[in-house]
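Residue-level listing of the chains:
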Amino acid sequence: MEVQGSAAFQEVRSRYRRFVVPAGAGFLVWYLGYLVAATTAPGLMGRPVAGAVNVAMLAGLGQFLTTFLLTWAYTRHARLRRDRAALELRWHTQERARARGGAA
């Protein structure tokens, strides 16, 4: 496709990948570390931290917190780094399609 080969499209994809690949890999490592610790180190995970709260509970809550933080970071990154460029690319593409007499 003509649009996919454009420098603007490649830049939008590059910005997306520069965020998603490291963030996804980091979260996957964190999640797998949690699973491995939960299955191989029950003594560590069962260690009390405060009252009935143990390491496993904190790590599990950390998974939820990480998910929300990653979602926030993704939407912020999209808003600040990709949305404008993607909208400009879309506008340019639609203008070119109209000029040729085709539909976008």
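In this text, all values refer to a predicted model and were calculated from it rather than measured experimentally.

What counts, and where the lines are drawn
Residues numbered from 1 in each chain as written. Predicted model: local features only at pLDDT ≥ 70, side-chain atom pairs only at ≥ 80, totals over all residues. Heavy atoms only, no water. Axes fitted to C-alpha atoms, helices over the stretch in contact; angles between N-to-C directions. Helix = DSSP H or I, 4+ residues; strand = E, 2+ residues; numbered from the N terminus. Parallel < 35°, antiparallel > 145°, perpendicular 65-115°, else oblique. Nonpolar A, V, L, I, M, F, W, Y, C, P; charged D, E, K, R; others polar. Salt bridge = Lys/Arg side-chain N within 4 Å of Asp/Glu carboxyl O. Buried < 20%, exposed > 50% of the residue type's maximum accessible area, 1.4 Å probe, protein only. Expected span 1.5 Å × (residues − 1). Bend = angle between axes of the 7 residues up to and from the residue. Contact = heavy atoms within 4.5 Å. Polar contact = N/O pair within 3.5 Å; in protein donor to acceptor, adjacent residues only side chain to side chain.

Asker: Could you clarify how one ought to interpret the packing of helix α1 (residues 7-40) against helix α3 (residues 55-100) in this entry?
Answerer: Two packed helices can be described by the angle between their axes and the distance between those axes. Following both chains from N to C, one finds α1 and α3 inclined at 180°, their axes separated by 10 Å at the closest point. What the angle tells us is that α1 and α3 run roughly antiparallel. Of the residues belonging to the contact of α1 with α3, the class tally is 19 nonpolar, six polar and three charged.

Asker: How should I be thinking about the pattern of salt bridges in this particular structure?
Answerer: Side chains that differ in charge, positive against negative, can pair when their charged atoms come close. Inspection of every chain in the model, using the stated rule, returns two salt bridges. The salt bridge involving Glu11 is made with Arg18; its shortest N-O contact spans 3.5 Å. Residue classification places Glu11 among the partly exposed positions, given a relative accessible area of 32%. Classification of Arg18 as exposed rests on a relative accessible area of 52%. Residues participating in the shared-partner salt-bridge network are Glu11, Arg15 and Arg18.

Asker: Just to check I follow, could you spell out α3 for this structure?
Answerer: A turn of α-helix holds 3.6 residues, and therefore any two residues three or four places apart point the same way. Between the first and last C-alpha of α3 there are 63 Å, a value that for 46 residues agrees with the 68 Å anticipated at 1.5 Å per step. The largest bend along α3 measures about 50° and falls at Arg82. Taken together, the buried positions of α3 are Ala59, Gly60, Gly62, Gln63, His77, Ala78, Arg82, Ala85, Leu89, Gln94 and Ala97. Buried residues along α3 sit in contact with α1 and α2 (42-45). With a side-chain oxygen positioned 3.2 Å from the backbone nitrogen of Ala56, the residue opening α3 is Asn54. Gly101 occupies a position one or two residues after α3 and carries a positive phi of about 90°.

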